[in-house]
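# A closer look at the structure
Letter by letter, the chains look like this.
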Amino acid sequence: MSKVAALCLAALLLCAALPGPVASQGPVTITVSGTVTGPGGPLAGLAVYVGSDMDDLEVWTDAGGRYSATLQTTGHVYFNLHPDPAQRLAWLNFSRENVTTDLTEDIALVGGHLFDLGATAGGTPVPHPSEVEVQPMAKPRFESQWHVLNWDPNTRRYFAVLAPDIYWVTLHTAPPGYYSTSQGFDLRGGDLVADMPFNDTY
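The text that follows walks through the structure, step by step, so that each part is easy to find. (Residues numbered from 1 in each chain as written. Predicted model: local features only at pLDDT ≥ 70, side-chain atom pairs only at ≥ 80, totals over all residues. Heavy atoms only, no water.)

## Examining the nonpolar core
Here is the rule we go by: Throughout, nonpolar core names a set of buried Ala, Val, Leu, Ile, Met, Phe, Trp, Tyr and Cys residues whose side chains join them through atoms within 4.5 Å. Working definition: with a 1.4 Å probe on protein chains only, accessible area under 20% of the residue-type maximum means buried, over 50% means exposed, and in between means partly exposed. Think of it this way: any DSSP run of H or I at least four residues long counts as a helix, any run of E at least two long counts as a strand, and we number them from the N terminus.
Among the nonpolar cores identified, the biggest contains 21 residues, and Val-32, Val-36, Val-50, Tyr-67, Phe-79 and Ile-107 are the most heavily contacted of them. Breaking this core down by element, the ones donating at least two residues are strand S1 (28-38), strand S3 (47-52), strand S5 (66-73), strand S6 (77-81) and strand S7 (92-96). Formed by 20 residues, the second largest nonpolar core is a distinct cluster that contains Trp-91, Phe-115, Leu-162 and Leu-187.

## Focus on the pattern of salt bridges
Our working rule: The salt bridge criterion pairs a side-chain nitrogen of Lys or Arg with a carboxyl oxygen of Asp or Glu, the two atoms within 4 Å.
Going through the model one piece at a time under the given rule, you end up with 6 salt bridges. The shortest N-O distance in the salt bridge between Asp-195 and Arg-157 comes to 2.9 Å. With Asp-195 in strand S17 (residues 192-197) and Arg-157 in strand S14 (residues 157-162), this residue pair connects regions lying 38 residues apart in the sequence. By sharing partners, the salt bridges in this structure join Asp-116, Arg-157 and Asp-195 into a single network.

## Some thoughts on the side chain of Thr-120
We count it as follows: The contact criterion used is simple: two residues touch if any of their non-hydrogen atoms lie within 4.5 Å.
Looking at the secondary structure, you find Thr-120 in strand S10 (residues 113-121). On the basis of relative accessibility, which here comes to 13%, the residue Thr-120 falls in the buried class. For Thr-120, the contacting residues outside a window of four places in its chain are Pro-125, Val-126, Asp-195, Met-196, Pro-197 and Phe-198.

## With respect to the sheet that holds strand S16 (residues 181-186)
By way of backbone hydrogen bonds, the strands of a sheet pair with one another, either parallel or antiparallel. Condition: At least two bridges found by DSSP between two strands are what make those strands a pair. Interaxial angle, 0 to 180 degrees, is taken between N-to-C directions of lines fitted to C-alpha atoms, where a helix line uses only the stretch in contact.
In space, the 3 strands of this open sheet follow the order S12-S15-S16, with antiparallel pairing throughout. Edge positions in the open sheet fall to strand S12 (132-136) and S16, since each of these has one partner strand only. Neighbouring strand axes in the sheet, compared pairwise and without regard to direction, differ in orientation by 20° on average. Pairing geometry for S12 and strand S15 (residues 166-171), over 5 bridges, is antiparallel. The residue bridging Val-134 from the neighbouring strand is Val-169, located in S15.

## Describing the layout of surface pockets
How we decide: Here a cavity denotes grid points, spaced 1 Å and computed from the protein atoms alone, that fit a 1.4 Å probe unable to get out, and a pocket denotes an open set having protein on both sides within 12 Å along at least 5 of 7 lines; residues with an atom within 4 Å of a point are the lining. Grid points are joined across faces, edges and corners, and a volume is the space filled by probe spheres set on the points. We call Asp, Glu, Lys and Arg charged. Ala, Val, Leu, Ile, Met, Phe, Trp, Tyr, Cys and Pro are nonpolar, and the rest, Gly among them, are polar.
Roughly 380 Å³ of volume is contained in the largest pocket. If you go around the largest pocket, you meet 23 residues; those closest to its centre are Leu-92, Val-110, Gln-145, His-147 and Ala-163. For the lining of the largest pocket, the elements supplying multiple residues, two or more each, are S7 and strand S9 (107-108). Classifying every residue of the lining of the largest pocket gives 14 nonpolar, 3 polar and 6 charged.

Right under this line is the structure:
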């Protein structure tokens, strides 16, 4: 065998030994289940929103606080729990990544305070929602968790039940002539009703 032929044969054998391209993870069907508890124990009749990049489901806890949802995903699963504000249970939003098999996710909600926020410009209430960013300052959230303020079209105000903490709130979408605005709010002592004026200077 010539030297060239030998080199070609060696190259072919090396290519054959190398692993082929790894197939991307396709959709899988999984069941997500667990128990939701609060300060007083299991929470019955609570809506749990479970979703993915392919499904969005609303399920309800049973008398023992248990929930179960079957959905398709490519690995991303998120959870939204927004109990009735009258219950004063802090809302919780979080996600899990690289989920390819059935998942057990027990969820513990803590007591919270109602935050009622109005946005103003020049002393006048802003009648439309802005992009809102909410960050806790005293107790950092874990990486896959986020906070939201819901918009009430009837009162034209934002609201949420949040765990006791100091929150840094940013309103990103300003009316004409105003600018994105940030302000801190202390919810450690109880419910808070506040107004937040947009900046008119940069």
